[in-house]
Amino acid sequence: MLDRVRQTVRRYGLLVPGDKVVVGVSGGPDSLALLHSLRALQEEFGHTLHVAHLNHGLRPEAAADAEYVRNLARRWGLPVTMARRDVAAYQQEHRLSLEEAAREVRYRFLLEVATAVGASKIAVGHQADDQAETVLLNLLRGSGLTGLKAMVPQRGQVIRPLLFISRAEIEAYCRQQGLEPRQDFTNWDITLRRNKIRHQLLPFLAREFNPAIVRTLSRTAVILQEEEEILANLAGEAFARVKIHQEPGCLVLDREEWLSLAPGIQRRVLRLAAVSLGRKVSFNQVEGAREMASRGGTITWPGHLRVEARGTELILLVPAAGPRAITFSYPLQVPGLTPLPEVGRAIRAGLGEPPSTFKGREDEAWLDWDKLEKPLVVRNWQPGDYFRPLGLAGNKKLQDFFSDIHLPAARRHLVPLVISGRRIAWVAGLRPADDFKITPATRLALHLQLEPWP
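The rules we used
Residues numbered from 1 in each chain as written. Predicted model: local features only at pLDDT ≥ 70, side-chain atom pairs only at ≥ 80, totals over all residues. Heavy atoms only, no water. Domains from an automatic or database assignment. Pairing = 2+ DSSP bridges. Helix = DSSP H or I, 4+ residues; strand = E, 2+ residues; numbered from the N terminus. Expected span 1.5 Å × (residues − 1). Bend = angle between axes of the 7 residues up to and from the residue. Contact = heavy atoms within 4.5 Å. Axes fitted to C-alpha atoms, helices over the stretch in contact; angles between N-to-C directions. Parallel < 35°, antiparallel > 145°, perpendicular 65-115°, else oblique. Left-handed = near helix turned anticlockwise from the far one by under 90°. Nonpolar A, V, L, I, M, F, W, Y, C, P; charged D, E, K, R; others polar. Salt bridge = Lys/Arg side-chain N within 4 Å of Asp/Glu carboxyl O. Buried < 20%, exposed > 50% of the residue type's maximum accessible area, 1.4 Å probe, protein only. Phe/Tyr/Trp six-rings, centres within 6.5 Å; stacked < 30°, edge-to-face > 60°. Lys NZ or Arg CZ within 6 Å of the ring centre and 35° of its normal. UniProt positions renumbered as here; feature names shortened; annotations may be inferred. Polar contact = N/O pair within 3.5 Å; in protein donor to acceptor, adjacent residues only side chain to side chain.

### Concerning the domain arrangement of the protein
- By domain assignment, the protein separates into domain 1 (1–225), domain 2 (248–317) and domain 3 (329–452).
- Using C-alpha coordinates to define each centre, domain 1 is positioned 61 Å away from domain 3.

Right under this line is the structure:
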């Protein structure tokens, strides 16, 4: 087994000389074999060890387990940190399952110890059977590739040197090395979903379908991990490509570009967008947004995250707690590009003959140059603004116009306005003013295009 641990450490670069490693030790066979093997490899890899034991306050024998680990660390000359946490209280407070609560409390404790002792790594005793159980758990929940890849050999500070070693091999190693691990009898409680998979489903699959089911599922997890990495990189590149603008609480994607992506990348981009706004979403919620985005409209995700498809934009918006003070005003460069860094946009302007035909696009406008009062200015919305929307007979308050098209209040201050004298000539990305429209008599036209910036 030691050779297998050595191979895993080398293959995944889990340890480097000088690493201080906090080892989570419960006293059971997995953590005991982990500590013993890492201790045996200290000279070879040049790391030091610090033992950490957490009493979850859930079992009568927990105090004896803690004393066992303390004495073991003393015999092996290793520093140790002991602590007790009320996992049951944490479970009630955060409305988690007991397993989830124990896991969260345990990792918080290990991170606290690592910070206190200046450790660069945290080693935990997850092994191949744990990996197989996790794959099946996530499969039964209906997880996608991200869940089916299960646990990885290293995530951040956390390393898993035993991940490719079976429970049977670990127990044999403990016997060979004269180790006497403690036993946690709650591991036999089949009312817990993981234990039911461990003691009923996996043995059934091994007996009836594949005797090497644990090794097969572990190998599958490795393959999925490598393919997940490729897809995650593709999704990250796509997200950067389709993102037009982001600020706290608001993110705008290029809807047409996003729609051109493969469905699997579309899903991942939406998840990345939600995560960038501090939200997590389920598969069904993402699918609802995909369906809506193809036809236009609005849905609301958990945490009041609004997803809206309008024109060429796909907008994710978290309602602001209050108004944000942002103002800008720039002379419009004609011809040229006028950056609007406050909103992540720019307006490109040019002069030319009026088009014979023009399909109305929300991100561009054609205006009659001779009707405009120069110089032109680009600014954002101010109280009292009004204009005459193209096709309407009379003036309309800009605030009412925004309400009519259901533009969220938090986005209204981000809309650029092209101003001619004191009048609005174009509500950029939404509507030109009727006063400056091109007609058969137009000799010279101003072409405006709204673009991402930078």
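### Looking at the sheet that holds strand β4 (residues 121–123)
- The mixed open sheet is built from six strands, whose spatial order is β3-β2-β1-β4-β6-β5. With partners counted over all chains shown, the strands left at the sheet margins are β3 (80–84) and β5 (154–155), one partner each.

### Considering helix α10 (residues 193–208)
- Between the first and last C-alpha of α10 there are 21 Å, a value that for 16 residues agrees with the 22 Å anticipated at 1.5 Å per step.
- Along α10, the helix axis deviates most sharply at Leu201, where the bend reaches about 30°; the proline Pro203 sits within four residues downstream.
- Residues of α10 that are buried sit in contact with α7 (128–141), α9 (167–176) and α11 (213–242).

### Thoughts on the packing of helix α5 (residues 87–94) against helix α6 (residues 98–117)
- Where α5 contacts α6, the two axes come as close as 9 Å, and the packing angle between them is 110°. Relative to α6, the element α5 lies roughly perpendicular. Every pair of crossing elements has a handedness; the one defined by α5 and α6 is right-handed. In this structure, α5 uses Val87, Tyr90 and Gln91 to contact α6, whose residues at the interface are Leu98, Ala101, Ala102, Glu104, Val105 and Arg108.
- When its residues are assigned to classes, the contact of α5 with α6 shows six nonpolar, one polar and two charged.

### Re the pattern of salt bridges
- This structure, assessed with the given rule, holds 34 salt bridges.
- When the shortest N-O distance is used, the salt bridge between Asp65 and Arg182 registers 2.6 Å. Of this pair, Asp65 sits in helix α4 (residues 62–75) while Arg182 sits in the loop between α9 and α10; the two residues are 117 residues apart in sequence, bridging distant segments of the chain.
- Judged by relative accessible area, which is 28%, Arg182 ranks as partly exposed.
- In this structure, the salt-bridge partner of Arg443 is Asp370, at a minimum N-O distance of 3.2 Å. Placement of Arg443 in the loop between β21 (431–432) and β22 (445–452) and of Asp370 in the loop between β15 (364–368) and β16 (377–379) is noted, with a sequence separation of 73 residues between them.
- Among the residues examined, Arg443 registers a relative accessible area of 67% and is labelled exposed.
- Each of Asp129, Asp130, Glu133, Arg167, Arg194 and Arg198 takes part in one network of salt bridges that share partners.

### Describing the packing of aromatic side chains
- The tally for this structure, following the rule as stated, stands at six aromatic pairs.
- A ring pair is formed by Tyr12 and Phe164, whose centres lie 5.8 Å apart and whose planes are at 15°; its orientation type is stacked. Here Phe164 lies in the loop between β6 (158–159) and α9 and Tyr12 lies in helix α1 (residues 2–12), a separation of 152 residues in the sequence.
- Taking 6.4 Å as the distance between ring centres and 25° as the angle between the ring planes, the aromatic pair formed by Phe328 and Tyr330 counts as stacked.
- For Phe328, a relative accessible area of 6% puts it in the buried group.
- On the basis of relative accessible area, Tyr330 is assigned to the partly exposed category, the value being 25%.
- Counting every residue linked through ring pairs, the aromatic cluster contains Trp381, Phe387, Phe401 and Phe402.
- Here the guanidinium or amino end of Lys374 rests over the ring plane of Trp369, the centre of that ring lying 4.3 Å away.

### Remarks on the UniProt feature "binding site: ATP" (unreviewed entry) in the protein
- Under the present numbering, the feature "binding site: ATP" (unreviewed entry) in UniProt falls on Ser26, Gly27, Gly28, Pro29, Asp30 and Ser31.
- Each residue touching Ser26, except ones within four places of it in the same chain, is listed here: Ser31, His53, Asp65 and Val69.
- Within the structure, the side chain of Ser26 is placed 3.1 Å from the backbone nitrogen of Gly28, a separation counted as a polar contact.
- With respect to the element layout, Gly28 can be found in the loop between β1 (20–24) and α2 (29–40).
- Residue Gly28 is classed as buried on the basis of its relative accessible area, which comes to 12%.
- Ignoring anything within four residues of it in the chain, the contact list for Gly28 reads Pro181 and Arg182.

### Examining the side chain of His47
- As for its position among the elements, His47 is in the loop between α3 (42–45) and β2 (48–55).
- We classify His47 as buried; its relative accessible area is 2%.
- Polar contacts involving the side chain of His47 include one to the main-chain carbonyl oxygen of Leu38, which spans 2.9 Å.

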